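Below, each chain spelled out in residue letters.
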Amino acid sequence: MIFTLIIFLLVVVFMAFFIGKNLTNVCTLWLIKTYTNLPVAVLVLIAFGAGIVFSLLLMMISKFKKSMSSSTEVEPAPKKEKSTQREKTEKKIKKLKNKKSKNTTDSSSDVTIVADKPL
């Protein structure tokens, strides 16, 4: 908590230093009306604020669209839980045991071969 406060204060001090040094640098901004002799630092802050406003606006629009589309869609079925490695190996062992038991019953059965031609 204290670390974030120190970082925040350093950022504020840096911004104050930047704004103080650049107050003499001026430019012209045209937004329907022409603003002359506008400090560059103020223009940077205006652009930053406009970016925040537009990004929040777009986020709200996308959330609104998602909420509208999710209310009409059918919810997907819940996903199956992933089995652990131990469960997978136990299943493999059971399959192998079943195969072995089938093989032993097949080999013990009586099989008679009938030959049409003598060898």
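Residues numbered from 1 in each chain as written. Predicted model: local features only at pLDDT ≥ 70, side-chain atom pairs only at ≥ 80, totals over all residues. Heavy atoms only, no water.

1. Details of the environment of Met-15
Part 1 of the reasoning: Within the fold, Met-15 resides in helix H1 (residues 2-21).
Part 2 of the reasoning: Residue Met-15 is classed as partly exposed on the basis of its relative accessible area, which comes to 37%.
Part 3 of the reasoning: Separated by 26 residues in the primary sequence, Met-15 and Ala-41 place their C-alpha atoms 9.2 Å from one another. (Helix = DSSP H or I, 4+ residues; strand = E, 2+ residues; numbered from the N terminus. Buried < 20%, exposed > 50% of the residue type's maximum accessible area, 1.4 Å probe, protein only.)

2. Concerning unusual backbone geometry
Part 1 of the reasoning: With a phi close to 65°, Ile-32 is a non-glycine residue in the positive phi region.
Part 2 of the reasoning: Mapping Ile-32 onto the fold places it in the loop between strand E1 (26-31) and strand E2 (33-39).
Part 3 of the reasoning: We classify Ile-32 as exposed; its relative accessible area is 81%.
Part 4 of the reasoning: The phi dihedral of Asn-37 falls on the positive side, at around 55°, and the residue is not glycine.
Part 5 of the reasoning: Note on placement: Asn-37 falls in strand E2.
Part 6 of the reasoning: On the basis of relative accessible area, Asn-37 is assigned to the exposed category, the value being 59%.

Everything listed here is a matter of geometry and, on its own, says nothing about what the molecule does.
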